[in-house]
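# Secondary and tertiary structure notes
Residues per chain are reported as follows:
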Amino acid sequence: MCTMATTDTDTNEEVTVSPLPIDRLADRPSSIRALRALADNPGRPLTAAQIAAEGDFSPKTWYAGVEELLLNLGLVTTAGQAGNAQCYRLADTEALRGFKHFRSGLQELVGESV
């Protein structure tokens, strides 16, 4: 919990900082790698195992929170099944367009490594 002294009253006021859901992407680098794997395969549905392999993380990581985060943020959507495996693709949403714009801006600032 953060506290902040106000200059006009010199009292301490509690400030609660609640991160936005999009901020959680920075806490899970595998979520960014998953988005990149899906972006590298536009329109092609991928299974969790394929996303994980292309994103260089374990499928367990996908199911341990990356899937839920990306679905809840509206960045990824389900896209049928391959056998018993659920498939995913990038969602065509305002959230994804905003993320792409943000990533493009970062690339301009720091180079292609983003």
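Residues numbered from 1 in each chain as written. Predicted model: local features only at pLDDT ≥ 70, side-chain atom pairs only at ≥ 80, totals over all residues. Heavy atoms only, no water.

### As for helix α5 (residues 94-110)
- Over its 17 residues, α5 extends 24 Å from the first C-alpha to the last, a length consistent with the 24 Å expected when each residue adds 1.5 Å.
- Those residues of α5 that fall on the buried side of the exposure criterion are Leu 96, Phe 99 and Gln 107. The arc that holds the buried residues of α5, viewed along the axis, is 75°, so those residues lie on one side. In α5, those exposed residues whose orientation departs by more than 90 degrees from the buried face are Glu 94, His 101, Phe 102, Glu 108 and Leu 109.
- Elements in contact with the buried residues of α5: α1 (24-27), α2 (29-39) and β5 (85-90).
- Count one or two residues on from α5 and you reach Gly 111, which has phi positive near 105°. (Helix = DSSP H or I, 4+ residues; strand = E, 2+ residues; numbered from the N terminus. Expected span 1.5 Å × (residues − 1). Buried < 20%, exposed > 50% of the residue type's maximum accessible area, 1.4 Å probe, protein only. Arc of directions from axis to C-beta. Contact = heavy atoms within 4.5 Å.)

### As for the pairing of strand β4 (residues 76-82)
- Strand direction decides the pairing type here: β4 and β5, joined by five bridges, are antiparallel. In the strand pairing of β5, Thr 77 is matched with Arg 89.
- What sits between the antiparallel neighbours β4 and β5 is a turn of two residues, in which Gly 83 has the positive phi angle 65°. (Pairing = 2+ DSSP bridges.)

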